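Chain by chain, the residues run as shown.
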Amino acid sequence: MEGMNIDLDYLKRFCKEDRSRMERYVNMYIQGSPALFQDLLTKVEAGDAEGLAVAAHSLRPQVNYMGAQQVFDRLAAIEHDARSLGAAACRDNVLECVRSNAGILDELRAWLAGGS
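About the cut-offs
Each chain carries its own residue numbering, running from 1 in the direction its sequence is written. At least 70 in pLDDT is required for a residue's local features to be given in this predicted model, at least 80 for side-chain atom pairs to be given and counted, and no such filter applies to totals for whole chains, interfaces and linings, which use all residues. Note that water and hydrogens are dropped before the side-chain values are worked out from all heavy atoms of the structure. Segments assigned H or I by DSSP are reported as helices when at least four residues long, segments assigned E as strands when at least two residues long, and all are numbered from the N terminus. We compute the radius of gyration over the C-alpha atoms and compare it with the globule rule, which gives 2.2 Å times the number of residues raised to the power 0.38. In a helix, the anticipated span is given by 1.5 Å times the number of residues less one. Axes are fitted to the seven residues ending at a residue and to the seven starting at it; the angle between these axes is taken as the bend at that residue. Here, two residues are considered to be in contact whenever any of their heavy atoms come within 4.5 Å of each other. For each residue, the accessible area found with a 1.4 Å probe, counting protein chains only, is set against the maximum for its type, and the residue is called buried under 20%, exposed over 50%, and partly exposed in between. We call two N or O atoms a polar contact when they sit within 3.5 Å, provided that within protein one can donate a hydrogen and the other can accept it, with sequence-adjacent residues counted only if both atoms are side-chain atoms. Each Phe, Tyr or Trp ring, with Trp reduced to its six-membered ring, pairs with another whose centre is within 6.5 Å; inter-plane angles below 30 degrees give stacked pairs, above 60 give edge-to-face pairs, and intermediate values give tilted ones. Think of it as a cone above the ring: NZ of Lys or CZ of Arg counts as a charge over the ring if it is within 6 Å of the ring centre and within 35 degrees of the ring normal.

Draft legend 1. A look at the overall build of the protein chain. In terms of regular secondary structure, the protein chain is built from five helices and zero strands. The order of α-helices and β-strands along the protein chain, N terminus first, is α-α-α-α-α. Against the globule reference of 13 Å for 116 residues, the protein chain gives a C-alpha radius of gyration of 14 Å, in line with a compact fold. With the C-alpha coordinates aligned to their principal axes, the bounding extent of the protein chain is approximately 40 × 20 × 20 Å.

Draft legend 2. Structural context of helix α2 (residues 19-46). When the terminal C-alpha atoms of α2 are compared, their 40 Å separation across 28 residues agrees well with the 40 Å that a helix rising 1.5 Å per residue should span. Along α2, the sharpest change in direction is near 40 degrees and occurs at Gly32; proline Pro34 comes one to four residues later. Of the surrounding elements, those touching the buried residues of α2 are α1 (9-14), α3 (49-65), α4 (69-85) and α5 (91-114). The first or second residue beyond α2 is Gly47, which carries a positive phi of 75 degrees.

Draft legend 3. Quick peek at the side chain of Asn93. Positionally, Asn93 belongs in helix α5. Note on Asn93: relative accessible area 18%, which makes it buried. Side-chain polar atoms of Asn93 contact the side chain of Arg74, separated by 2.4 Å. In this view, Asn93 contacts Arg74, Ala77 and Ile78; residues no more than four positions away in its chain are not counted.

Draft legend 4. Quick look at the packing of aromatic side chains. Applying the stated criterion across every chain yields a total of five aromatic pairs. Residues Phe14 and Tyr25 carry aromatic rings whose centres are separated by 5.5 Å and whose planes lie at 80 degrees to one another, so their mutual orientation is edge-to-face. Taken together, the positions of Phe14 in helix α1 and Tyr25 in helix α2 put the pair 11 residues apart, joining distant regions of the chain. Taking relative accessible area as the criterion, Phe14 reaches 28% and is therefore assigned partly exposed. With a relative accessible area of 22%, Tyr25 lands in the partly exposed category. Each ring, one from Tyr25 and one from Tyr65, has its centre 6.0 Å from the other, and the planes form 50 degrees; the classification is tilted. Of the two residues, Tyr25 sits in helix α2 while Tyr65 sits in helix α3, which places them 40 residues apart along the sequence. With a relative accessible area of 24%, Tyr65 lands in the partly exposed category. Taken together, the ring pairs connect Tyr10, Phe14, Tyr25 and Tyr65 into an aromatic cluster. The ring of Phe14 has Arg21 sitting right over it, with the charged end atom 5.3 Å from the ring centre.

Have a look at this one:
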């Protein structure tokens, strides 16, 4: 299944096409990611450049499992820019990641409901 924000081919390969295992990972992402993206916002607003870089780095594997390449790339940029330019330089990318994650969550919920 491919959507505008996700491509679950990686997760499918990682889980050896085991639908129930995929569902567990998808559900973990749905449950955990909103707080992690909120943490990015909190750190950028606080001007915590190092904390922002660490938070972006730690979120990348989870986003990668969901095949959200655009968000993965933005998180890599946030990690780099936070360390080299400071937290304020990352604000637009953080906001875009939060917006994109809403779309990712919608697509993942649709995938769960659709059973495909």
